[in-house]
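Architecture and fold: a report
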Amino acid sequence: MKIGRKHYKDSSKRGSDRKYISYEDVPLDEIKDNEPLPNNLTVKFLKVFLVVFLSVIVVMALTNIDKLTPENISHWVEYDLLGKSEGEGYPASFSGADVDTENFDLMDGAPVYCSDTAIVVLNPNAGKYQEVSHAFANPLLSTNSNYSIVYNAGATGYTIIDRTSVVHTGMTEHKIFSADVCPKGIYCILTDEEDYLASLTVYRKDHQEMYRYSFVDFYVNKVSISREGNRAVVSGLSAKNGSLLSVLYVLDFSQSNYMQRYEFDDMYLYDIQYLDNGNAFAVGSKAAFYINIREGSKKDISYHSDFLIHYTLDREKGLLMALSPTPDGRECEITAVDASGSQIGEIPTKQQVISMNAGDHSVAVLTPEEAVVYDTKGKRLSSVKCPTDARKVRFADDGSLYILGKSSLYDLYPDGKKN
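Here S148 is to be found in strand 7 (residues 148-152). Accessibility expressed as a relative area gives 0% for S148, which makes it buried. Side chain to side chain, S148 and T143 meet in a polar contact 2.5 Å long. For S148, the contacting residues outside a window of four places in its chain are M107, V112, L141, S142, T143, T159, I160, I161 and V181.

Below is the structure:
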């Protein structure tokens, strides 16, 4: 203590001739700021910060205005802000004995699946946002960014959920062929009908009927609703001169008659999709088709001499097709067609393709041994070994891959790189 004090005194004597002060030699209580900051500087800084912060919030709100629903805000507070239902990580075992590949998808980035006994929505750490029991003998799932509908195909029951709750459970008068729901909560159900071959009924978000259309010429079996909930495409089939004839109707819910109709000779339509940009895709047994609803035109997308092994339709990104020169599915090449109907890439995987999913600028491909991520030009970007029971792949928001297995759902990172 004496040495330190003496050192301080000596230093202070020499300091009168120096042009700077070493604060290491001065006690903290004797250090003074000779040039204090202006009193209003902090206030100005806070004002600027507040303006910038509010500007960012406004921009984010405008770019995601369709997601700013009371349900989504409540979900963010409960599950993202407060950390409810954290989970123990993947793999996550299924609730139920089996999940069909068509009954697994993502709802606003959250994995949702329907097993033989339950409808389950998971968070990024495999915690359950919700689990809803059902008694459907043949459940089928259709989902979009905000809602999912699960219907009992060939029967009359259906359930609509959002990410965290059951929105509605209902029964139809006649057996259900197909159903779909849009991000605004408007939904449509295609059913059998006594006096017609089938009937499409559209319901508002409050579950009141808003539109009905009956079919007399074709046995329709599939429906896809538009993003705005004001139109739908419906596919069906019939016979013409002893051969198969398929049809695609475009329905506008403000019109009593169909808006457009397209026929496909000697063709079976596997699937249809109303795109977010207002147009549609149809995938058939001999070719795929891009329906430009705005122009009233149809564009053929040929398989050439190849076999269609697998396909994936996405409301926003378009169509992926895995084509093989042999019916056993070896040596597949993937063709990517965007939502404008333009081919944007070919990926020569040279492997059997089990499942595919389109990312923003890449494609995830599930093969019997691994999941591979390619860019749309065919460059191999990354890969990860998969369980032997892998059946379906979907991109997670963080760049990892959700892999559907026989009894579990996995979250795998290509090349082990966790973002």
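Past the structure itself, the notes keep going.
Let us look at the sheet that holds strand 30 (residues 392-395). Pairing is antiparallel across the open sheet formed by four strands, whose spatial order is 1-32-31-30. Across the chains shown, the open sheet's two edge strands, defined by having one partner strand only, are strand 1 (92-93) and strand 30. Taken together, the two bridges between strand 1 and strand 32 (residues 408-412) define a ladder with antiparallel strand orientation. In the sheet register, A92 faces strand 32, and the bridge partner there is L409.

In this section: the pattern of salt bridges. Taken as a whole and judged by the stated rule, the model has 18 salt bridges. As a salt-bridge pair, D328 and R330 come within 2.7 Å of each other at their nearest N and O atoms. On the basis of relative accessibility, which here comes to 41%, the residue D328 falls in the partly exposed class. A cluster of three or more residues bridged by salt bridges with shared partners is formed by D217, R261 and E263.

Before going further, it helps to examine unusual backbone geometry. Both trends apply: most residues other than glycine have a negative phi, and most peptide bonds are in trans. Here the amide bond leading from Y90 into P91 is cis, since omega sits at 5°, within 30 degrees of zero. Inspection of the secondary structure puts P91 in the loop between helix 3 (70-81) and strand 1. Located in the positive-phi region is D266, a residue other than glycine, with phi close to 50°. Relative to the assigned elements, D266 resides in the loop between strand 17 (260-265) and strand 18 (269-274). Residue E331 is not a glycine yet carries a positive backbone phi of 55°. Mapped onto the elements of the fold, E331 is located in the loop between strand 23 (318-324) and strand 24 (332-337). A residue is classified by how much of its surface remains accessible, and E331, at 42% relative accessible area, is partly exposed.

Our next topic: a negative patch on the surface. On the surface, D98, D100, E102 and D116 cluster together to form a negatively charged patch. Summarising the element assignment, D116 is placed in the loop between strand 3 (110-114) and strand 4 (118-122).

Here we come to the packing of aromatic side chains. In total, this model carries 12 aromatic pairs according to the counting rule given. Judged by centre distance (5.2 Å) and plane angle (65°), the rings of F215 and Y249 are edge-to-face. Of this pair, F215 sits in strand 13 (residues 209-215) while Y249 sits in strand 16 (residues 243-252), placing them 34 residues apart in sequence. Of the two residues examined, F215 and Y249, each falls in the buried class. On the basis of an interplanar angle of 65° and a centroid distance of 5.8 Å, the ring pair of Y268 and Y270 is categorised as edge-to-face. By relative accessible area, which is 32% here, Y268 ends up partly exposed.

Note that soluble globular proteins tend to have their nonpolar side chains buried in a common cluster. Membership of the largest hydrophobic core comes to 21 residues, with the highest contact counts inside it found for L200, F215, V220, V234, Y249 and L251. Here this core takes four residues from strand 16, the largest share from any one element. With residues up to four places along the chain from it excluded, the contact list for L251 reads L200, Y211, Y213, F215, N230, R231, A232, V234, Y258 and M259.

What follows deals with the sheet that holds strand 3. An order of 2-3-4-5 is seen for the four strands of this open sheet, with the pairing classed as antiparallel. Two strands lie at the open edges of the sheet, namely strand 2 (104-107) and strand 5 (128-133), each paired on one side alone. Put simply, the sheet's adjacent strands are angled 15° from each other on average, direction ignored. Summarising the sheet, strand 3 and strand 4 pair through three bridges and their orientation is antiparallel. Note on strand 4: the bridge partner recorded for C114 is I119.

This next bit is on a nonpolar patch on the surface. A surface patch of nonpolar side chains, about 410 Å² in accessible area, is lined by F49, L50, F53 and L54. For F49, the position within the fold is in helix 2 (residues 41-63).

This paragraph deals with the environment of D300. By secondary structure assignment, the location of D300 is in strand 21 (residues 297-302). Distance from D300 to F289, taken between C-alpha atoms, is 4.7 Å for residues 11 residues apart in sequence. Apart from the residues lying within four places of it in its own chain, the contact partners of D300 are A288 and F289. Within the structure, the side chain of D300 is placed 3.3 Å from the side chain of K298, a separation counted as a polar contact.

Detailed reading of the predicted model is not advised wherever pLDDT is low. Across the protein, the average pLDDT comes to 87, with 81% of residues at 70 or higher. Note on residues 1-24: pLDDT is under 50 here. Beyond four places in sequence and across chains, it has 10 contacts.

Moving on, we get to the pairing of strand 6 (residues 139-143). The buried fraction of strand 6 amounts to five of the five residues, a majority that puts the element mostly inside the structure. Here strand 6 shows two buried faces, one formed by P139, L141 and T143 and the other by L140 and S142. Pairing of strand 6 with strand 7 involves five bridges; the strand directions are antiparallel. Each bridged residue has a counterpart across the sheet, and for T143 the counterpart in strand 7 is S148. What sits between the antiparallel neighbours strand 6 and strand 7 is a turn of four residues.

Parameters and conventions
- Residues numbered from 1 in each chain as written.
- Predicted model: local features only at pLDDT ≥ 70, side-chain atom pairs only at ≥ 80, totals over all residues.
- Heavy atoms only, no water.
- Helix = DSSP H or I, 4+ residues; strand = E, 2+ residues; numbered from the N terminus.
- Buried < 20%, exposed > 50% of the residue type's maximum accessible area, 1.4 Å probe, protein only.
- Polar contact = N/O pair within 3.5 Å; in protein donor to acceptor, adjacent residues only side chain to side chain.
- Contact = heavy atoms within 4.5 Å.
- Pairing = 2+ DSSP bridges.
- Salt bridge = Lys/Arg side-chain N within 4 Å of Asp/Glu carboxyl O.
- Patch = residues over 30% accessible without salt bridge, like charges linked within 9 Å, V, L, I, M, F, W, Y side chains within 5 Å.
- Areas by Shrake-Rupley, 256 points an atom, 1.4 Å probe, with all protein chains shown as cover.
- Lys, Arg positive; Asp, Glu negative; His and termini not counted.
- Charge placed at Lys NZ, Arg CZ, Asp CG, Glu CD.
- Phe/Tyr/Trp six-rings, centres within 6.5 Å; stacked < 30°, edge-to-face > 60°.
- Core = buried A, V, L, I, M, F, W, Y, C linked by side-chain atoms within 4.5 Å.
- Axes fitted to C-alpha atoms, helices over the stretch in contact; angles between N-to-C directions.
- pLDDT = per-residue confidence, 0-100.

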